[in-house]
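# A look at the structure
The chain contents come next:
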Amino acid sequence: MSVFDIFLQQLVNGLVLGSFYALVALGYTMIYGVVKLLNFAHGDVYMVGGFVGFLVLSVVAPMVGPGWTGVAVSMVVAMIAVGFLGVVIQRVAYQPMLNAPRLSILITALAVSLVLQNGVLTLTHGQYQPMGADLGFGGVNLGLLFISYNQMILVGTAAALMIALELFVSRTQYGRAMRAISIDKDMCRLMGINVTAVIAVTFFIGSALAAAAGTMAGAYYGSVWYFMGFLIGIKAFTAAVIGGIGSIPGAMLGGLILGLLESFGTQIPGIGSEWKDVFSFAVLILVLVLKPTGLLGKSEQERM
Amino acid sequence: MAQPRSNAFNNIIAQFDEPWKRYAAFAVIVALLLIAPISLGPYATVILTNALLYVVLALGLNVVVGYAGLLDLGYAAFFAVGAYTVGILTHTFGLDFWLTLPFAVGAAMIAGVIIGTPTLRLRSDYLAIVTLGFGEIVRFSARNMEITGGASGISGIQQPWLFGWHINTPFEFYYVFVVLAIIAVIVSVRLQHSRLGRAWLYVRHDEDAAEAMGIDTVRVKLAAYVIGAIFGSISGAFFAVNLGAISPESFSFQQSVLILMAVILGGMGKIPGVILGAFIVVLAPELLRDLGEYRLLLFAVGLLLIMLFRPSGIWPVRGK
Amino acid sequence: MKLTTLLATTAIAMALAGPAYAEMKIGILAPTTGSEATYGQDMANAVNLAISEINAAGGVLGEQLSSVIGDDGCDPQQAVNAASKLASSDVVGVVGGYCSGATVPTLKIFGDASIPFVITGANSTKLIPANPGNAFMINSTGNDQVAKAIEYFNSVGAKSLAIVNQGDAYSQDLADLTKKDWEAAGNTVPAFEVANKGEQDYSAIVTAIRSANPDAVFWTAYYADGGLLIRQLRQAGYQGTIAVGDGSNSPELFGIAGSAAEGVIGFSNPIAEFLPGAKDFIADYTAANGSPPGPYAPLAYDGMHLLATAIEAAGSTDPAAINAALMDADYPGIAGQITFTPENTLARSNFVVLKGNGGKWGLAQ
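Here the structure is a predicted model, which means the values were calculated and not measured.

## Quick look at the overall build of chain C
The number of helices and strands found in chain C is 13 helices and 14 strands. In terms of overall size, chain C behaves like a compact globule, its C-alpha atoms giving a radius of gyration of 21 Å where 365 residues would be expected to give roughly 21 Å. Expressed as lengths along the three principal axes of its C-alpha atoms, the size of chain C is roughly 65 × 55 × 40 Å. Residues classed as buried in chain C amount to 62% of the 365 residues present.

Below, the structure is given as structure tokens:
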């Protein structure tokens, strides 16, 4: 492979990885926007999404086949089911904590994360579950560069979901309310906006996006397990902060940047796969030192 | 601050607001700790040693989180700095353990300044990710470098001698950690009532007002970081000689989270609360051990319930 | 007072866990919960099967055996707790040890307590210098695996080798040893990578490997991430040999990697179905546990029988006598003859070469 081929191949790798990061980072950032909560359980919501997708696929695969049709059906069902799970988590665990110290809510989120992780661990005995999707190996060869159809479908689906989200946030009542709440929740309440409902919708959408990513990851990488949400949760959090937490375009940008940093970091001599995470975190710290609100974040006065 | 709901328990802990009762309780606890190994046997001694280690760690993180109000998700980094400084200097360079302690403290101070300086101007949620990032950078560096022994870490770290006494058995280490924990409690109390302690209180409640009153907020916050780092580093130093072997796995993000849990679960800023939190995070999973794979699930559910019913921690600072 | 309550609860728990029978107790150190629980349960089941056989034949020194499990969770700190628990339970010996990183800190505890420890799984070379003298490794060490691997790569004419580990004690040790010996033999390692556990997406590493174009790829870590890497290597069109170490000898590798694992080479300690003397063991194990034995069950089973034989030969439960008996052991296990080197490691290499065939392992040669 020539240097140029390697560059393009890592670019493709980074885009695919970045799409997953971006989908999960969106949930982080949306939830942060409306309730100012770092939802550490979000990676585990992604994991549960993968498992729901796995269960649905095992039911629908005999009917529609284990290809992309089956995965698409599983993904939609997982998005709806996990969307409701997100709302339930918000109601049960976060709603009662609205007036508690912020660090307490953070620990509550960590507790929710542990409950989801260990719940699935107990149910599956820590075993990997092969997803059973059969997506084929086809793709396009451009010289030595290879882009599989699966990668195209993944990135395309992620882009479509993000465009749909952007339209929802900018064009609908709920979307406008969401943005308004992220600026001043109390004022919104005074103006008659149903803040509780908007928060519920936000958790639903954020969780559904994570579930979409979880199901696609299960199908694409071939298996699901109880700990699959841990690392991506941290990475998505990093991505959301690089982009500017609270900013929806920021989460997309942050996800792609982090995906690309990791791919190219692996290839750069002197960094390599050994040091790539150190490289990513160093870039994160550098970004925050130079621009303390992240790339697309707005500066705001902090209120404790 | 949200009002804690269960009144019977609040009445019990309120008892200890009277100073003499507090000192009496402290004396009773110390006495119990001193006789515990004799009545409980070696396994319980090892577990209690571990709990005391977490007491020191949690009190150290409490300076950062509870006193100064700064969120730190990478506290295990300081724990690692102390452990590796001692591990490398004693094992690779053959220095005596006690001579390495000043180096461990120095390294922790430097690490505290390195982490603190660029980050202290950030908002608290950004601080969370940056500290997390630093924690991971330290762990990955320990894993990748040769001097730290790579992923296998350093084993065969010698147990220390103190005036001709070889601290070697689990029982001896237990008493070492009892002494460490007592020192940590005393230092925490003194800090809380010092000028610096009051400065932290102002900074925590209203940073702008503190600034207006002439407090150098960046220096005050940096002091919290550095003091917290020293607590972590000394814990790490004794952790290394106690276990005799250290590896990067002991300094993961989960470790930082566990220490943070101890601080917040018990009631951040409140010393008895933090101690209680440390005992819970160590003893609860151990007591649930016979439940096998349900153990961690029950621990997680218990944690969630505690946070829901006592949002400010089990033994919080009393609301004003 | 809350603290006293906690202490009292601990005391009660201790009392309940304390010795209540006059039987001889054997400790099992294994990760029975957590990500490696499948292996740990498997080892515990195999030891318990051996114990029930020994008891049915009249026990050891006329006493019946019973077992206590110490769950190390594949984590060094938890392993220290588990080992202390076993040491406090008056066990006459311990069998087990799967994750090398978790086993290292337990050596001192069993050493201080003078408890003979038969290590049946863990085989990192880092265990050897940390051994106070009472631990005996009946699985071949990483050095033997490296020798076997290099012999195999030479036999297929490979000159360049990409090595991928997972950044943990076991797989980094194996990767470093392989790199050293491989390069010393005049070959090249054009890619030396670390795939972090649980990352799922290894496409960047796959591209780095493809751009280096090695004759073979050697994955030195565990099956779960190994399965993902193999799948992604083959999907990206890598055609060369792919080999995996003994941490990936689980049949679950095939579930995760799917058809991509066909033809994959595995270096492994002896798996039950390829051992001529293990027919009865497989039948009994399956009858007792409802599923066939996993890759580390035969060694755990041998380890328990070896320990019982040594106690019988020592004529007492005196640790020094048992140690001496273990040192002189010449025991015909189902996984092969067990004798020890002066370093208390297995005197022969027990590695075999496996090949993925029809969704499961078969013998390569």
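## Comments concerning the overall build of chain A
Of regular secondary structure, chain A possesses 11 helices and four strands. Taking 19 Å as the expected radius of gyration for a compact globule of 304 residues, we find that chain A reaches 19 Å, a close match to that expectation. Per-residue burial over chain A gives 57% buried out of 304 residues. For chain A, restricting intrachain contacts to residue pairs at least 6 apart in sequence, the fraction spanning at least 24 positions comes to 76%.

## Re the sheet that holds strand 4 (residues 117–119) of chain C
Residue and element names in this part refer to chain C. Strand order across the open sheet formed by five strands is 2-1-3-4-5, with parallel pairing between neighbours. At either end of the open sheet lies a strand with only one pairing partner, and these are strand 2 (65–71) and strand 5 (135–137). Neighbour-to-neighbour, the strand axes of this sheet turn through a mean angle of 25°, independent of strand direction. The sheet contact formed by strand 1 (residues 24–30) and strand 3 (residues 93–96) spans four bridges and is parallel. Pairing of I28 across the sheet is with V95, part of strand 3.

## What to know about the domain arrangement of chain C
All names here are of chain C. Here chain C is partitioned into domain 1 (2–140 + 275–338) and domain 2 (143–268). On a C-alpha basis, the centres of domain 1 and domain 2 stand 31 Å from each other. Taken residue by residue, the interface counts nine residues in domain 1 and 11 residues in domain 2. Looking at the side of domain 1 that touches domain 2, its residues break down into two nonpolar, six polar and one charged.

## Points about helix 4 (residues 97–119) of chain B
Taking 1.5 Å of rise per residue, the 23 residues of helix 4 of chain B would be expected to cover 33 Å, and the 33 Å separating its terminal C-alpha atoms lies within 8% of that figure. Of all the positions in helix 4 of chain B, only F97(B), T100(B), A104(B), A107(B), A108(B), A111(B), G112(B), I115(B), G116(B) and T119(B) are classed as buried.

## Thoughts on the environment of N213(C)
Topologically, N213(C) is positioned in the loop between helix 8 (203–212) and strand 8 (216–219). Taking the C-beta count within 10 Å as the criterion, N213(C) has 14 such neighbours and is therefore assigned partly exposed.

## A few points about the interface of chain B and chain A
Taken together, the contact between chain B and chain A spans 37 residues of the former and 37 residues of the latter. Going through the elements one at a time, helix 5 (124–144), helix 10 (253–266) and helix 12 (295–309) of chain B are the ones with two or more residues in the side of chain B that touches chain A. Per-element tally for the side of chain B that touches chain A: the top contributor is helix 5 of chain B, with 11 residues. Of the residues assigned to the side of chain B that touches chain A, the class counts are 28 nonpolar, four polar and five charged.

## Quick notes on the confidence of the model for chain A
This prediction gives chain A a mean pLDDT of 91; 98% of its residues lie at or above 70. Mean pLDDT in chain A bottoms out at strand 2 (residues 139–142) of chain A, which sits at 84, and peaks at helix 3 (residues 68–94) of chain A, which reaches 96.

## Focus: the pairing of strand 9 (residues 241–244) of chain C
Residue and element names in this part refer to chain C. Relative to strand 9, strand 8 runs parallel, the two being bridged by four bridges. Its bridge partner lying in strand 9, F218 is registered against A243. Each parallel crossover has a hand, and for strand 8 linked through helix 9 (residues 223–235) to strand 9 it is right-handed. Bridging between strand 9 and strand 10 (residues 265–268) involves two bridges; their strand directions are parallel. Following the sheet pairing, A243 is matched in strand 10 by I265. Taken together, strand 9, helix 10 (residues 252–257) and strand 10 form a β-α-β motif whose crossover is right-handed.

## Some remarks on the sheet that holds strand 6 (residues 160–165) of chain C
All names here are of chain C. With mixed pairing, seven strands are arranged side by side in an open sheet as 7-6-8-9-10-13-14. Each edge of the sheet is formed by a strand with only one pairing partner; in this case those strands are strand 7 (188–194) and strand 14 (360–363). Within the sheet, the average angular offset between the axes of one strand and its neighbour, ignoring direction, is 25°. Seen against the sheet, helix 6 (residues 142–155) touches strand 6, strand 8, strand 9, strand 10 and strand 13 (352–357) and runs at an angle of roughly 150° to strand 10.

## Focus on the packing of helix 1 (residues 3–35) of chain A against helix 5 (residues 149–171) of chain A
Residues and elements named next belong to chain A. Their axes nearest at 10 Å, the elements helix 1 and helix 5 cross at an angle of 35°. Of the two elements, helix 1 crosses helix 5, and the hand of that crossing is left-handed. Between helix 1, through V12, L15, V16, S19, A22, L23 and L26, and helix 5, the contact on the second element is made entirely by Q151, L154, V155, A158, L161, M162 and L165. Residue classes in the contact of helix 1 with helix 5 are distributed as 12 nonpolar, two polar and no charged.

## Examining the interface of chain B and chain C
Each side of the interface is counted separately: chain B has 35 residues, and chain C has 35 residues. By residue number, the principal contributor to the side of chain B that touches chain C is helix 2 (residues 19–67) of chain B, which donates 13 residues. Of the residues contributing to the side of chain B that touches chain C, the split by class is 18 nonpolar, 12 polar and five charged.

## Concerning the pairing of strand 3 (residues 145–148) of chain A
Where a strand is regular, its side chains alternate between the two sheet faces. Residues and elements named next belong to chain A. In terms of strand pairing, strand 2 meets strand 3 through four bridges, oriented antiparallel. By the bridge assignment for strand 3, V140 is matched with I147. Between strand 2 and the antiparallel strand that follows it, strand 3, lie two residues; G143 among them carries a positive phi value of about 65°.

## Some details on unusual backbone geometry
Excluding glycine, a negative phi dihedral is what most residues carry, and trans is how most peptide bonds are arranged. Backbone geometry at K36(A) places phi at a positive 55°, although glycine is not the residue there. Here K36(A) shows up in the loop between helix 1 and helix 2 (42–64). In this structure, D90(C) is a non-glycine residue whose phi angle is positive, near 55°. The partly exposed category is assigned to D90(C), around which 15 C-beta atoms lie within 10 Å.

## Focus on the packing of helix 12 (residues 297–314) of chain C against helix 13 (residues 319–327) of chain C
Residue and element names in this part refer to chain C. Where helix 12 meets helix 13, the axes come as close as 8 Å, and the angle between the chain directions of the two elements is 115°. Crossing angle aside, the handedness with which helix 12 passes helix 13 is right-handed. Across the interface between the two elements, A310, I311, A313 and A314 from helix 12 touch A321, I322, A324, A325 and L326 from helix 13. Partitioning the contact of helix 12 with helix 13 into residue classes produces nine nonpolar, no polar and no charged.

## Topic: the environment of A209(B)
Tracing the chain through its elements places A209(B) in helix 8 (residues 207–212). With 103 residues separating them along the chain, A209(B) and S312(B) place their C-alpha atoms 24 Å apart.

## Some thoughts on the environment of V55(B)
Residue and element names in this part refer to chain B. Inspection of the secondary structure assignment puts V55 in helix 2. Taking the number of C-beta atoms within 10 Å as the measure of exposure, V55 has 27 and is therefore buried. Separated by 107 residues in sequence, V55 and L162 have C-alpha atoms that sit 23 Å apart. Beyond its immediate chain neighbours, meaning those up to four positions away, V55 contacts A181, A184, I275 and A278.

Definitions and cut-offs
Residues numbered from 1 in each chain as written. Chains lettered and ligands numbered in written order. Predicted model: local features only at pLDDT ≥ 70, side-chain atom pairs only at ≥ 80, totals over all residues. Helix = DSSP H or I, 4+ residues; strand = E, 2+ residues; numbered from the N terminus. Rg over C-alpha atoms; globule rule 2.2 N^0.38 Å. Buried ≥ 20, exposed ≤ 12 C-beta atoms within 10 Å, placed from the backbone. Contact = placed C-beta atoms within 7 Å. Pairing = 2+ DSSP bridges. Axes fitted to C-alpha atoms, helices over the stretch in contact; angles between N-to-C directions. Domains from an automatic or database assignment. Nonpolar A, V, L, I, M, F, W, Y, C, P; charged D, E, K, R; others polar. Expected span 1.5 Å × (residues − 1). pLDDT = per-residue confidence, 0-100. Right-handed = clockwise from strand over helix to strand, strands pointing away. Left-handed = near helix turned anticlockwise from the far one by under 90°.

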